[in-house]
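# What the coordinates show
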Amino acid sequence: MKTYFLDQGSFIGGAEWFLLDFLQNTLSGDLRKFKPTIIGGKHEKYKRLGLGIDIIDFHYPSVSGNIFAKVWHLAELAFTARKIKKITQKQSRKQFFSNTPRTHFTLYLAKKLWRLKGKWMVMLHDFSIPPFLLRKIAQEADILIVNSTATRNWLRDIIPSTLYDKIRIVENGIKMEKLPNATVPQKLLKVLILGRIDPRKGQMHALEAADLLQERNPDLAFDFIGSAVESDKRTIKYEKECHQFSKARGLQKVRFIPEVSNVFEKIKEYDLCLFLPTEPETFGRVVTEALAMNRMV
């Protein structure tokens, strides 16, 4: 059966890593069984997958902005949903896997407006979908996949109990046998703050801590690994504010480093991994990765 994975993939966050890990760690024989095609997947990491996975270049419009912008975006999403139907209508046996809120909205409209046929699996990684819309999505979806018990409990509080049997838990996993060796640090000199530069990730709080600590702890170093999202002006503004704060306070032991290809090897270089989300998160992927590498979190 042909399986379409919907993911704009404009940057790599937890949701995107989940899908990449799933496809990379699925046996080639299993891949042939469900014939994966990614609709979207703009980031180069999707392009590198290979494995016989087709990628269809596709744009999913933003859903952010004021009320007037949202009305326009809704119209855009409706046309986008129609395009999804046109792309997939030649396949008589097909199923869909939507991986982000934007693609959930698109599939919902494709089902309701354009009578799109096919089994629909919704992957929920965070708490960002408005409850009224999540209830509608849950009604149309065949399977609701959550990445943690916290996400499942949140979902159960929103949807009717008659839909509970659609819920499945598939947690983020780590192949322990593939991890590099990592001993437990015996000192605390290097601090890692890992993740995209975003107000929700709390990098400014780490900078404030570095400012408070630098006089009495001149050897304590803070490295921020990650980047803002090019398509998200809020994160770009926040990244500038972080750099400006560091410069204004004269922070000598602070570095900003772009994304790295091998997260586990990088974590080995640090003694402490600091994570300061300003909003509730469903599954601490980076927390789990750091703990797996014997790092204090």
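Residues numbered from 1 in each chain as written. Predicted model: local features only at pLDDT ≥ 70, side-chain atom pairs only at ≥ 80, totals over all residues. Heavy atoms only, no water.

### Some thoughts on the packing of helix 5 (residues 101-114) against helix 6 (residues 131-140)
Helix-helix packing: each pair is described by the crossing angle between the helix axes and the interaxial distance. Remark: helix 5 packs on helix 6, axes separated minimally by 10 Å, with the N-to-C direction vectors making an angle of 55 degrees. Taken together, the axes of helix 5 and helix 6 are oblique relative to one another. Viewed along their axes, helix 5 and helix 6 form a crossing whose handedness is left-handed. For the pair helix 5 and helix 6, the contacting residues are His104, Phe105, Tyr108, Lys111 and Lys112 in the first and Leu133, Lys136, Ile137 and Glu140 in the second. Residue composition of the contact of helix 5 with helix 6, grouped by class: four nonpolar, one polar and four charged. (Axes fitted to C-alpha atoms, helices over the stretch in contact; angles between N-to-C directions. Helix = DSSP H or I, 4+ residues; strand = E, 2+ residues; numbered from the N terminus. Parallel < 35°, antiparallel > 145°, perpendicular 65-115°, else oblique. Left-handed = near helix turned anticlockwise from the far one by under 90°. Contact = heavy atoms within 4.5 Å. Nonpolar A, V, L, I, M, F, W, Y, C, P; charged D, E, K, R; others polar.)

### Description of the sheet that holds strand 1 (residues 2-7)
The strand order across the open sheet formed by seven strands is 3-2-1-4-5-6-7, and the pairing between neighbours is parallel. At either end of the open sheet lies a strand with only one pairing partner, and these are strand 3 (54-56) and strand 7 (167-169). Averaged over all pairs of adjacent strands, the angle between their axes in this sheet comes to 25 degrees, without regard to strand direction. Its contacts with the sheet place helix 1 (residues 14-24) against strand 1, strand 2 (36-40), strand 4 (94-98) and strand 5 (119-124), and it is angled at close to 150 degrees to strand 1. (Pairing = 2+ DSSP bridges.)

### Notes on the environment of Tyr270
Structurally, Tyr270 is set in the loop between helix 10 (263-267) and strand 11 (272-273). Each C-alpha atom of the pair Tyr270 and His59 lies 38 Å from the other, and the pair is 211 residues apart in sequence. Dropping the residues within four chain positions of it, Tyr270 is found in contact with Pro185, Lys190, Val191, Leu192, Asp223, Ile225, Arg255, Ile257 and Arg295.

### A short note on the side chain of His104
Examined against the element boundaries, His104 turns out to sit in helix 5. On the basis of relative accessible area, His104 is assigned to the buried category, the value being 1%. For His104, the residues in contact, after removing those within four places along its chain, are Ser98, Asn99, Trp120, Val122, Met123, Leu124, Ile129 and Ile137. (Buried < 20%, exposed > 50% of the residue type's maximum accessible area, 1.4 Å probe, protein only.)

### A short note on the pairing of strand 1
When you tally the buried positions in strand 1, you get six out of six residues, the bulk of the element. Burial along strand 1 is two-sided: the residues Lys2, Tyr4 and Leu6 and Thr3, Phe5 and Asp7 are all buried. As defined by bridge partners, strand 1 adjoins strand 2 across five bridges and the pair is classed as parallel. Looking across to strand 2, one finds that Thr3 is bridged to Pro36.

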